[in-house]
Amino acid sequence: MGVHGVLPPYRYTQHEIRDALAEMGGRGTEGRGVLDRVHAASGVRSRHLALPLERYRTLGGFGEANAAYVSAATELAEEAVRGALRRADIPPSAVELVVSTSVTGLAVPSIEARLAGRWGLPAHVKRVPVFGLGCVAGAAGLARVHDYLEGHPEGVAVLLCVELCSLTVQRGDASAANVVAGSLFGDGAAALVAVGRAHPAARARRSERGPETVATRSRLYPDTEHLLGWDVTDSGFRIVLGSDLPDTVLRRLGPEVRRFLADHDLKPADVTGWICHPGGPKVLEAVRAGLDLPARALESARRSLAEVGNLSSASVLHVLRDTLDRCPPLAGTPGLMLAMGPGFSSELVLLRW
């Protein structure tokens, strides 16, 4: 397995982004106070944006924002997949499947179709572009790659996640959901290359091949559709973000994770590496409390949130890459990737380091 994350070149501190949003939104004294408090509590120190910050002041409607999405997403995706193939030491010509995820822009032909020739992928490559899974799509994409490789044990598959959340900003929207989203989300991309269990690369030493996917579980929670998603408006994607989302995570996710682990004779205390989507400080605290984890268990997710913000589907791959690069868990021990998204849904991926 090879994982590579990339970020746009425009990096700004949280204070710089906060001040720009205040100016673009024309907020009065009361509105500015709310903005300041939300950004201060976000746990985010800096973020990377697809465009220079001053460009957002003059960005037009949905069409112009989406054109900027296609241009920037193509550049980031090209770098992400090239890097992942290089890390996995897999030639592009060996790739059989590409699963690509995004929920922050639309591209037809899809991003991976535009780049397949540049990457050197075979003309018969299978493509599965996915829209609508939101933040859960990184973990769900890995799960679907695993499903494919279970049926094609000698195969090679690529997962690509590209999210340019800044291009969905609604400048005239003073709602609580939009203010919270403006404090959390950043831009970035990541790619992962995985091979089936019978592929020659799977027989390499564990330290060289990366983690192995053992099992996955998807879950939709009834009557929670209102918690997370988009309202598609004339000005683009307007975020839906229910205030009871952290409470739902606290009540629903812990039991789900415990049942999943128990099916494999494991408990949360057995997991040596938690690859958790950094949805925000309240969501991370709900995950920690729901599973009774020590604070250090989610340190990689909190660090990613602080350094680059919430990258939607790309975040879990950035957290996975950082875990492998900075403090890889003991070989042979279990890890767990988990993410939540619209539906309301969760995705769990059991790993073996």
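Predicted model, so just to flag it, every value in this text is computed and none were measured. (Residues numbered from 1 in each chain as written. Predicted model: local features only at pLDDT ≥ 70, side-chain atom pairs only at ≥ 80, totals over all residues. Heavy atoms only, no water.)

Undergrad: I'd like a rundown of the overall build of the protein, residues and numbers included.
TA: In terms of helices and strands, the protein carries 11 helices and 13 strands. Here the C-alpha atoms of the protein give a radius of gyration of 19 Å, agreeing with the 20 Å that 2.2 N^0.38 yields for 353 residues. Each of the 353 residues in the protein was classed as buried or not, and the buried ones make up 56%. Put simply, of all contacts in the protein between residues at least 6 apart along the chain, 79% involve residues at least 24 apart. Per element, the accessible surface of the protein, about 14,600 Å² overall, is 53% carbon and sulfur. Put simply, the protein has 39 plus and 38 minus side-chain charges, and the middle of one group is 3 Å from the middle of the other. (Helix = DSSP H or I, 4+ residues; strand = E, 2+ residues; numbered from the N terminus. Rg over C-alpha atoms; globule rule 2.2 N^0.38 Å. Buried < 20%, exposed > 50% of the residue type's maximum accessible area, 1.4 Å probe, protein only. Contact = heavy atoms within 4.5 Å. Areas by Shrake-Rupley, 256 points an atom, 1.4 Å probe, with all protein chains shown as cover. Lys, Arg positive; Asp, Glu negative; His and termini not counted. Charge placed at Lys NZ, Arg CZ, Asp CG, Glu CD.)

Undergrad: So, the packing of aromatic side chains: which residues are in play, and what are the values?
TA: Counted according to the given criterion, the structure contains four aromatic pairs. Between Phe62 and Phe237, the aromatic rings sit 5.2 Å apart at their centres with planes inclined by 70°, giving edge-to-face as the arrangement. One end of the pair, Phe62, is in helix 3 (residues 62-88); the other, Phe237, is in strand 10 (residues 236-241), with 175 residues separating them in the sequence. Phe62 gets classed as partly exposed once you look at its relative accessible area, which sits at 25%. Joined through ring pairs, the aromatic side chains of Phe62, Phe131, Trp230 and Phe237 make up one cluster. (Phe/Tyr/Trp six-rings, centres within 6.5 Å; stacked < 30°, edge-to-face > 60°.)

Undergrad: Can you explain the UniProt feature "active site" (unreviewed entry) in the protein? Please cite residues and give values.
TA: The UniProt entry lists Cys135 under the feature "active site" (unreviewed entry), expressed in the numbering used here. Along the chain, Cys135 falls in the loop between strand 5 (126-130) and helix 5 (137-151). The exposure class of Cys135 is buried, given its relative accessible area of 11%. Those residues in contact with Cys135, other than ones at most four positions away along the chain, are Phe185, His277, Asn310, Ser312, Ser313, Ala339, Met340 and Pro342. (UniProt positions renumbered as here; feature names shortened; annotations may be inferred.)

Undergrad: Could you give an account of helix 3, with specific residues and numbers?
TA: An ideal rise of 1.5 Å per residue puts 39 Å on 27 residues; helix 3 measures up with 37 Å between its terminal C-alpha atoms. Asp89 occupies a position one or two residues after helix 3 and carries a positive phi of about 55°. (Expected span 1.5 Å × (residues − 1).)

Undergrad: Just give me the short version of the sheet that holds strand 8 (residues 212-220), but keep the residues and values in it.
TA: Strands sit in the order 8-13-12-11 across an open sheet of four strands; the sheet is mixed. If you trace the sheet from one side to the other, it starts and ends with strand 8 and strand 11 (273-276), each paired once. Across the sheet, the mean angle from the axis of one strand to that of its neighbour is 15°, orientation sign disregarded. Strand direction decides the pairing type here: strand 11 and strand 12 (residues 334-341), joined by four bridges, are parallel. (Pairing = 2+ DSSP bridges. Axes fitted to C-alpha atoms, helices over the stretch in contact; angles between N-to-C directions.)

Undergrad: Please set out the nonpolar core residue by residue, giving values where relevant.
TA: Judged by nonpolar contacts, the single largest core of 44 residues is most densely connected at Tyr56, Val95, Ile111, Leu160, Leu164, Leu167 and Val193. Among the secondary structure elements, those contributing two or more residues to this core are helix 1 (14-25), helix 3, helix 4 (111-119), strand 6 (156-164) and strand 7 (187-195). Considering each element in turn, this core owes the most residues, 13 residues, to helix 3. In contact with Ile111, not counting residues within four places along its chain, are Tyr69, Val70, Ala73, Thr74, Ala77 and Leu160. (Core = buried A, V, L, I, M, F, W, Y, C linked by side-chain atoms within 4.5 Å.)

Undergrad: Would you mind going over the sheet that holds strand 6 in detail, with residue names and values included?
TA: Spatially, five strands are ordered 1-7-6-4-5 in an open sheet, and the strand pairing comes out mixed. Only two strands of the sheet have a single neighbouring strand rather than two, namely strand 1 (2-6) and strand 5. With strand direction ignored, the average angle separating the axes of adjacent strands in the sheet is 10°. Looking at chain direction, strand 4 (residues 97-101) and strand 5 are connected through five bridges and run parallel. Residue Val98 lies in a different strand from strand 5, and its bridge partner there is Arg127. Together, strand 4, strand 5, strand 6 and strand 7 form the strand contacts of helix 5, whose direction differs from that of strand 6 by roughly 165°. Of the strands in this sheet, strand 1, strand 6 and strand 7 touch helix 11 (residues 315-326), which is tilted by about 115° from strand 1.

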